[in-house]
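What the coordinates show
Here is how the chains run, residue by residue.
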Amino acid sequence: MASANTSGSEENFSCSICLDVFNSPVSTPCGHNFCRTCITKYWDEQVKFKCPLCNMAFNTRPDLRINILLSELAAQFRTSIRVKDQLCVKPGEVPCDVCTGSQLKAVKSCLLCLISYCQTHLEPHQRVAGLKKHRLVEPMDRLEDRMCKKHDRLLELFCQTEQVCVCMLCTVTDHKSHPVVPLKEEYEVKTAQLGKIEAEVQQMIQERLSNVQEIEDTVKRSKADADREIAHDVHVLTALKRCIEKCQDDINRMVKEKLKSTEKQAEDLIKELEQEIEDLTDRSSEVKQLSHTEDHLHFLQTFRSLKDPPPTRDWTTVEVRPPSYVGTLRRSLDQLEETLNMETKKLRDDELKRVQQYEVDVTLDPDTAPAQLILSEDGKQVHYGGVAKALPDNPKRFTDVPCVLTRQSFSSGRFYFEVQVKDKTAWSVGVARESIDRKDLITATPETGYWTLSSYEDGLVFNDKPNVRLPLRAELQKVGVFVDYDEGLVSFYDVEARVHIYSATGCSFTEPLYPFLCPWPIDNEGLNSAPLIILPVNQTD
């Protein structure tokens, strides 16, 4: 057996009964080979003894002997299969550091040799006495990284002070006074922390997925809002376009009707004139003809009929006057203006209804009210009391100006509230940012953190630098305040008249906003004592 050829295919070394590699192969008299167990069991179940391959019958049960050559070849072939299966090192497995060419999978690593061994190359460590003393562990990759660079010892401890892995010699040198624990103990601690970190990471992931969903929902809502706004605007503008087109059609029809009437009058007069001309032409012919006759009797008898001319109109008083179009366009425009005013009123109603959908329930915060103000128990009304009360000091409280904020603040989105200003001569309503100065006299402007509408004796203003003076609304009884935080918009409405008063645009909001009310003091004549009242929105107004 100088050369045991193991290069044959697996079927050459397979039993035709079990289809596996031969195990204790035996030969039948006909020359076929089977596993001893397979052929014995096969004949035990048969009445006649036949070869399973060629069906040759035997008179007696053959005496089977092991085919030594085939047995050795099958054993070598089985070994070659196992080796072949081990050649490929799968991802995550440690290869043998001794194997050359194709590396086998390591089964142990030696912490003294700093080498990983497959089963074959591990054999000396299991046989040689000196090597048996080496410390073998489960296969590890990069063994050099597991050794202390300074002491060339295994890193098997953890320094809790410097949070590094150390060897036993490190604990008596550089880390002598530091608390150290076995790697396994610290591993368990860190694993527990890792679980907490993983939970936190998962929570952060969920939060961000939620944020993504919120953003996507916002985009969907924005698209739906945009579609509705476009549809609404197209509807309104189409209606206005139809009004203008109808106005134009009415003007054209009116002008054409006037022109047609004038043309008809002229046509009738021309026909009448032409008829008179025809009659007169006939008379002229008769006169000429008579003037040439020399028969005295005929002349005199015919002349009598010429005395009475045909009836004619007195054309000195007849005229065709061109139609007047003065006022036609003006009247049509007046009608159009009336229609546009009606549509504009509907638009105002729609605009106010849309902002009223963002109504918020707010109550006044007594901790912000100065001593002169009196708040209702439900936190919905405030008026100037005049007599200062003893109040505890509070950093949130206004001291020199009779103003008050609500308990609620808003840092995003849109919100709307309404305040009754009826029977007051002076007041301020709007919003203020959280960081406003509450301890000194204030100049309420957007620069100082206030976006407010005020009413004074000399008129209505939006407080700015300089103030924006607005048309005085004598019947103003209820003010609506709408804020779009993200768009930087603050708008004021006359709720009863359904009219937009003023909008501050391009505002930069970087902190919470609070609804702001200032009833202002009672004047010398005892006026302005009425309260400012936060009212629930009534969209049927």
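As a reminder, the structure under discussion sits directly above these lines.
Okay, so let's go over this structure. The structure presented is a predicted model; accordingly, all values stated were derived computationally and were not measured.

1. Considering the environment of P29
Secondary-structure assignment places P29 in the loop between β1 (25–27) and β2 (33–35). Between the C-alpha atom of P29 and that of P62, which follows or precedes it by 33 residues, the distance is 7.3 Å. Leaving out residues up to four positions away in the same chain, P29 has contacts with F58 and P62.

2. What to know about the nonpolar core
Formed by 37 residues in total, the largest nonpolar core has its most connected members in W427 and W451. Aside from chain neighbours lying at most four places away, what touches W427 is V421, L453, S454, S455, L460, L476, V479, C518, W520 and L532. The next biggest cluster of nonpolar side chains, apart from the first, holds 18 residues, and it includes C15, L64, L70 and A74.

3. As for the pairing of strand β15 (residues 427–433)
The buried count for β15 comes to 6 of 7 residues, which makes it a mostly enclosed element. Pairing of β15 with strand β16 (residues 450–456) involves 6 bridges; the strand directions are antiparallel. Within β16, the residue paired with G430 across the bridge is T452. Pairing between β15 and strand β22 (residues 513–518): 6 bridges, direction antiparallel. Across the sheet, V431 pairs through a bridge with P515, a residue of β22.

4. A closer look at the sheet that holds strand β18 (residues 468–470)
Taken in spatial order, the 6 strands line up as β13-β22-β15-β16-β17-β18 in an open sheet, and their pairing is antiparallel. Two strands bound the open sheet, and with one partner strand each, they are β13 (404–405) and β18.

5. Notes on a nonpolar patch on the surface
Where nonpolar side chains cluster on the molecular surface, the patch consists of L194, I197, V201, I205 and L209 and spans about 420 Å² of accessible area. Mapped onto the fold, I197 is located in helix α5 (residues 183–291). The class of I197 is partly exposed, set by a relative accessible area of 43%.

6. Section: a negative patch on the surface
A cluster of acidic residues, E278, D279, D282 and E286, forms a negative patch at the surface. Its location among the elements puts D279 in helix α5.

7. Side note on unusual backbone geometry
The omega angle of the peptide bond from K465 to P466 is 0°, so this bond is cis rather than trans. For P466, the position within the fold is in the loop between β17 (459–462) and β18. The backbone of S24 shows a phi angle near 55°, a positive value even though the residue is not glycine. Within the secondary structure, S24 is located in the segment before β1.

8. Remarks on the side chain of H175
Note on placement: H175 falls in the loop between β9 (164–166) and β10 (180–182). For H175, a relative accessible area of 7% puts it in the buried group.

9. Concerning the sheet that holds β10
Taken in spatial order, the 3 strands line up as β9-β8-β10 in an open sheet, and their pairing is antiparallel. Looking along the sheet, the strands with just one partner apiece sit at the ends: β9 and β10. Mean inter-strand twist for the sheet, computed between neighbouring axes without regard to direction, equals 35°. Relative to β10, strand β8 (residues 157–159) runs antiparallel, the two sharing 3 bridges. For L157, the partnering residue across the bridge sits in β10 and is P182. Those strands touched by α5 are β8, β9 and β10, and its axis lies near 90° from that of β10.

Rules used throughout
- Residues numbered from 1 in each chain as written.
- Predicted model: local features only at pLDDT ≥ 70, side-chain atom pairs only at ≥ 80, totals over all residues.
- Heavy atoms only, no water.
- Helix = DSSP H or I, 4+ residues; strand = E, 2+ residues; numbered from the N terminus.
- Contact = heavy atoms within 4.5 Å.
- Core = buried A, V, L, I, M, F, W, Y, C linked by side-chain atoms within 4.5 Å.
- Buried < 20%, exposed > 50% of the residue type's maximum accessible area, 1.4 Å probe, protein only.
- Pairing = 2+ DSSP bridges.
- Patch = residues over 30% accessible without salt bridge, like charges linked within 9 Å, V, L, I, M, F, W, Y side chains within 5 Å.
- Areas by Shrake-Rupley, 256 points an atom, 1.4 Å probe, with all protein chains shown as cover.
- Salt bridge = Lys/Arg side-chain N within 4 Å of Asp/Glu carboxyl O.
- Lys, Arg positive; Asp, Glu negative; His and termini not counted.
- Charge placed at Lys NZ, Arg CZ, Asp CG, Glu CD.
- Axes fitted to C-alpha atoms, helices over the stretch in contact; angles between N-to-C directions.

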